[in-house]
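# Residue-level structural notes
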Amino acid sequence: MSSRQMKKLQKQQQQQQVDDETVQQIYQEEMNLKSKNVFNKLIVSDSEEEEQDKKEEVVKQQEEPQQTQKQKEVDDDLEFLENQIQQQSQQQNLPEYQDREGPLFIFVKKLNYNKELSHHFKGTKLTGTSTQQQKLKAKRIKNYVLTYNDENYFPIQDKFELVQTIINDQGLQLYRIEASKSYETLQQEYTGVKNSFNPQAIFDFMQQHPFHAEAIYDVSEYFRLKADYKQANLLLERLIYIYEEACGYKLKGFYEDPTPRIELELNNYSKTFLMALFKFTDVLGKKGCYKAALEFSKVILKLCPTQDPTCALLLIDYHCLLNYSFDFLQFFTKTFVLDVYKSKKGSLAFMPNYLYNTAIAKFLSEPENQREKELYYTQKDFDDAIVNFGQFPLDSNHRVLLIQAILLYPSALLQLSNACEYTKQNVPNHKSFVENQRKPLKELLTEAFLQRETYLYWFLSLESEEDQLGLKKILEIFPERCKITWKQPDVLQWIKGALGLIVNNIQKEFDLNSFYENLAVAPQEIYNEIPFQFRRYKELLKNHFSDQSERLDVNNIFAENIGAGQEQQQMPQNFNPLQANQGLLGALLGTLLPWVHNPNAQQ
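Quick summary incoming for the structure in this document. In every chain, residue numbers begin from 1 and rise along the written sequence. A pLDDT threshold of at least 70 governs which residues receive local features in this predicted model, and a stricter bar of 80 or more applies before side-chain atom pairs are shown or counted, although totals over entire chains, interfaces and linings include all residues. Hydrogens and water molecules were not included; the side-chain quantities draw on all heavy atoms of the structure.

Pairing between strands requires that DSSP locate at least two bridges from one strand to the other. Only DSSP runs of H or I reaching four residues or more are called helices, and only runs of E reaching two or more are called strands; each is numbered from the N terminus. Taking strand neighbours across the sheet as the criterion, the three strands line up as 1-2-3 in an open arrangement whose pairing is mixed. The open sheet has two edge strands, strand 1 (160-167) and strand 3 (262-264), and neither has a second partner. Each strand of the sheet is rotated relative to its neighbour by a mean of 35°, with strand direction disregarded. Relative to strand 3, strand 2 (residues 173-179) runs parallel, the two being bridged by three bridges. Across the sheet, residue Gln173 finds its bridge partner in strand 3, namely Ile262. Contact between two residues is taken to exist if any of their heavy atoms lie within 4.5 Å; hydrogens are not considered. For helices, the axis comes from a line fit to the C-alpha atoms of the stretch in contact; other axes are also lines fit to C-alpha atoms, and the angle between any two N-to-C directions lies between 0 and 180 degrees. Docked against the sheet, helix 11 (residues 268-286) engages strand 1, strand 2 and strand 3, running at close to 100° with respect to strand 2.

What follows is the structure, encoded as structure tokens:
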């Protein structure tokens, strides 16, 4: 290697060494800078940290009330949430309940009747303590969904229990409510008290045993007929709490489950529970808690979906109308049979109350400013009505359904007329009305075909006289139950148009007798058949479904409720009803107790 090359190589090595030193120096300066920044952060004074924390805490305190207020508004404003859901459903052109998989899905939040009542009257509760006190006990009562009165939440020694038995024909798991041995002992004792015919002894027994179900129910009925609804409601709430406390664990998931999976066997204990729910649902409806009443109606039916001993099917359609849940009423009518009986050939479409109420639900769902357009009856409406027995009859318009309802169950229209006093109403004519449609409604209601009371239709499956009696009960109760919805002036005009069109066709060439004869023969393809027998409703009492509250006339109780043959007695001054030896309490409870036959009771 030459000297020139050696010098060149030495020069390159020196330059590389300088570059390495420069890089090392820059790196050292950067590390010193980072260390300085870290040190500066570490030497921040404690006072500065405290000031910073205080600032952050003030900001947080200012933000928390706003967040709490917003959360409170969202939680308490159920109406706002429901309006949003309805608006979204209308935009998507879907029923409100379509995303629910079954007609008996229960909205647990809507069971809170106290919260619903407080929306109508601020701070008002059906029973129990104030809303603020209830919130303080939320952790204690969070497992109860049927009662919201914290005064009843006490441990119960003598409990019931749900015992699993067999699976019925519809695939539902049967459960039987059984009492503990200690409760059975109390029940035997109470049976002896009742058989003593001493009403004061019943009160004394309930005071000694405040959680005995049958005693509570009997005394609540006494207060209800005495028009002391506050005491009656308190006792009904206590009674429902007893069953929920005893059976609530076994019913876990029962409410949110969209499909019925259980059914209660009917015995004395289950009947008392169902009647308590039935009476309490009636109370909620009269208090204006229509949403809670609808959910309670579904609870009753879901507990006994194939037996329906309290006829909850007459509750659901009624509360749907009062709650303006028109979409759900149609959804329930179409899907209940499929959901419970697993039958694609059945529905409630041609059950009298559902056919009438589905028709009026469709009519009332129209905006008020457009209902006049819906009164244009055409001959096509009548022609469609007499053949509307296919797979989807409820898809027809409300005019077709009303004509069909009047043709199938004309006596129900007369019952509605009596309940709503149609003959006293002056119903104006619509500009589209022709011929008999322009006659007064009072005159149209005298048509002979409205007197028909024979219902040998294939879809009703009336196999005996008992089934006829059960159907007759439905036709009597439904008009009295739903009369509040059928009184509106535009509804009367709607009825007049349908009835007049039917009379127009009868006076022409329509053979009404052939129409009924054809309905007695089942078609080859059966749809919308009612899967149960109406005989199960033959023992229903009309006054249990009436909007008018039952009361006993104290002055005439001996003449009216014990027998006209007995001499009427005058009540002494300063009468104490809790002393049975004075007679009135015995007379009052005598009309309630099952061993006393009251010949004047309304059947």
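A separate point is unusual backbone geometry. Phi is positive for Lys342, which is not a glycine, with a value near 55°. The residue Lys342 is located in the loop between helix 14 (326-341) and helix 15 (352-364) in this model. In this structure, Glu435 takes a positive phi of about 50° despite not being glycine. One can find Glu435 in the loop between helix 18 (410-420) and helix 19 (441-444).

What follows is about the pattern of salt bridges. Here, a salt bridge means any side-chain nitrogen of Lys or Arg that lies within 4 Å of a carboxyl oxygen of Asp or Glu. Per the counting criterion, the structure on display carries 21 salt bridges. Among the ionic pairs, Lys439 bridges to Glu443, the shortest N-O distance being 3.8 Å. To sort residues, take the accessible area from a 1.4 Å probe on protein chains only and compare it with the maximum for the residue type: under 20% means buried, over 50% means exposed, and anything in between is partly exposed. Overall, the relative accessible area of 39% leaves Glu443 in the partly exposed class. If you follow the salt bridges from partner to partner, you end up with Arg176, Glu178 and Glu265 in one network.

Moving on, we come to the packing of helix 8 (residues 199-208) against helix 9 (residues 213-225). Direction vectors running N to C along helix 8 and helix 9 enclose 125°, while the axes themselves pass 9 Å from each other. Our classification of the angle between helix 8 and helix 9 gives oblique. Judged by the sense of rotation from one axis to the other, the crossing of helix 8 with helix 9 is left-handed. Contacts between helix 8 and helix 9 pair Ile202, Phe203, Phe205 and Met206 from the former with Ala215, Ile216, Val219, Tyr222 and Phe223 from the latter. Roughly parallel here means an angle under 35 degrees, roughly antiparallel means over 145, roughly perpendicular means 65 to 115, and every remaining angle is called oblique. By convention the crossing between two helices is left-handed if the near helix lies anticlockwise of the far one by an angle smaller than a right angle, and right-handed if it lies clockwise.

Turning next to the packing of aromatic side chains. Geometry of aromatic contacts follows a simple scheme: Phe, Tyr and Trp rings, the Trp one being its six-membered ring, pair when their centres are within 6.5 Å, and the pair is stacked under 30 degrees between planes, edge-to-face over 60, tilted otherwise. Applying the stated criterion across every chain yields a total of 40 aromatic pairs. With centroids separated by 4.8 Å and ring planes inclined at 35°, the aromatic side chains of Phe350 and Phe459 adopt a geometry described as tilted. One end of the pair, Phe350, is in the loop between helix 14 and helix 15; the other, Phe459, is in the loop between helix 19 and helix 20 (465-482), with 109 residues separating them in the sequence. Neither Phe350 nor Phe459 differs from the other in exposure class; each is buried. Here the aromatic residues Phe350, Phe382, Phe389, Tyr409, Tyr455, Tyr457, Trp458, Phe459, Phe510, Phe515 and Tyr516 are joined through ring pairs into a cluster of three or more. Its end group placed over the ring of Tyr516, Arg452 keeps NZ or CZ at 3.7 Å from the ring centre. Over the face of the ring belonging to Phe532 we find Arg536, whose NZ or CZ atom lies 3.9 Å from the ring centre. Two conditions define a charge sitting above a ring: the NZ of Lys or the CZ of Arg must be within 6 Å of the ring centre, and it must be within 35 degrees of the ring normal.

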